[in-house]
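If you want the building blocks of each chain, they are given just below.
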Amino acid sequence: QLQASGGGLVQAGGSLRLSCAASGRTSSMGWFRQAPGKEREFVTAISWRGGSPDYADSVKGRFTISRDNAKNTVYLRMNSLKPEDTAVYYCAGGTPRVAGKVDWLYWGQGTQVTVSS
């Protein structure tokens with residue numbers, strides 16, 4: 001079970017930090033988002049060891065994913081937020097597969113992020 005928190009309303013250029021606590025050890029963890037009228041899209045993911053996270057091109061250089069394995073928690077630091085970052089953000093947990101793929105098996109309930117212009 002995954003529990004996300006930390007969303008809210010922020011002005012463009014501002015920052016937010018999302019947190020997602022897992023009920024147990026989860027190998028790969030990540031964040032996805034879904035804007036109104038759009039499909040859910042990948043944002044970022046991190047492995048158990050935390051090395052070389054993946055980022056969507058749209059958030060590279062602005063968002064940072066990290067994790068605290070002792071707390072079974074993953075974080076998403078979002079800087080320089082833009083109105084187009086407005087979406088419901090979902091954390092996910094899964095199992096790594098070959099070629100860098102991940103089977104996303106667990107999903108949090110989502111937290112709303114709204115960026116005003």
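Preceding block: the structure.
Residues numbered from 1 in each chain as written. Predicted model: local features only at pLDDT ≥ 70, side-chain atom pairs only at ≥ 80, totals over all residues. Heavy atoms only, no water.

Q: Explain the overall build of the protein to me, please; I cannot follow it from the model alone.
A: The helix and strand tally for the protein stands at zero helices and 11 strands. Listing every helix and strand of the protein by position from the N terminus yields β-β-β-β-β-β-β-β-β-β-β. Against the 2.2 N^0.38 benchmark of 13 Å for 117 residues, the protein shows a C-alpha radius of gyration of 13 Å, consistent with a compact globule. Structurally, the protein occupies a C-alpha span of about 40 × 25 × 25 Å along its principal axes. When the 117 residues of the protein are sorted by exposure, 38% land in the buried category. Surface accessibility of the protein: about 6300 Å² in total, with carbon and sulfur atoms responsible for 47%. Measuring between centres, the 14 positive side-chain charges of the protein sit 6 Å from its 8 negative side-chain charges. (Helix = DSSP H or I, 4+ residues; strand = E, 2+ residues; numbered from the N terminus. Rg over C-alpha atoms; globule rule 2.2 N^0.38 Å. Buried < 20%, exposed > 50% of the residue type's maximum accessible area, 1.4 Å probe, protein only. Areas by Shrake-Rupley, 256 points an atom, 1.4 Å probe, with all protein chains shown as cover. Lys, Arg positive; Asp, Glu negative; His and termini not counted. Charge placed at Lys NZ, Arg CZ, Asp CG, Glu CD.)

Q: Can you walk me through the sheet that holds strand β7 (residues 63–68) in this structure?
A: Strands pair in a sheet through their backbones, by hydrogen bonds, and they do so in one of two ways: parallel or antiparallel. Here we have four strands laid out as an open sheet, ordered β1-β3-β8-β7, and antiparallel in their pairing. Among the strands making up the open sheet, the edge pair consists of β1 (2–5) and β7. The mean angle between the axes of side-by-side strands here comes to 15°, regardless of whether they run parallel or antiparallel. Bridging between strand β3 (residues 16–22) and strand β8 (residues 73–78) involves six bridges; their strand directions are antiparallel. Bridge pairing links S19 to Y75 in β8. (Pairing = 2+ DSSP bridges. Axes fitted to C-alpha atoms, helices over the stretch in contact; angles between N-to-C directions.)

Q: Can you help me understand the packing of aromatic side chains in this one?
A: The description of an aromatic ring pair uses the distance of the two centres, along with the angle that the planes make with each other. Inspection of the entire model under this criterion finds three aromatic pairs. Ring geometry for F32 against F42: centres 5.6 Å apart, planes inclined by 80°, an arrangement best described as edge-to-face. Of the two residues, F32 is situated in strand β4 (residues 28–34) and F42 in strand β5 (residues 41–46); the sequence distance between them amounts to 10 residues. We note R40 situated over the ring of Y90; from NZ or CZ to the ring centre the distance is 3.9 Å. The ring centre of W107 lies 4.7 Å from the NZ or CZ of R40, which sits over that ring. (Phe/Tyr/Trp six-rings, centres within 6.5 Å; stacked < 30°, edge-to-face > 60°. Lys NZ or Arg CZ within 6 Å of the ring centre and 35° of its normal.)

Q: Which parts of the structure should I look at to understand the pattern of salt bridges?
A: Where charged atoms from two side chains of opposite charge come close, those side chains can pair. Inspection of every chain in the model, using the stated rule, returns five salt bridges. A salt bridge links D57 to K60; the shortest N-O distance between them is 3.2 Å. You can call D57 exposed: its relative accessible area is 64%. Taking relative accessible area as the criterion, K60 reaches 49% and is therefore assigned partly exposed. Between R97 and D103 there is a salt bridge, with the nearest N and O atoms lying 2.6 Å from each other. Look at R97 and you get partly exposed, because its relative accessible area is 49%. Through salt bridges with shared partners, a single network forms among R33, E41, R62 and D85. (Salt bridge = Lys/Arg side-chain N within 4 Å of Asp/Glu carboxyl O.)

Q: Can you walk me through the nonpolar core in this structure?
A: Membership of the largest hydrophobic core comes to 24 residues, with the highest contact counts inside it found for W31, F63, L76, M78 and Y89. At the level of elements, β1, β3, β4, β5, β7, β8, β9 (87–96) and β11 (111–116) are the ones that each hand at least two residues to this core. It is β3 that provides the largest number of residues to this core, a total of four residues. (Core = buried A, V, L, I, M, F, W, Y, C linked by side-chain atoms within 4.5 Å.)

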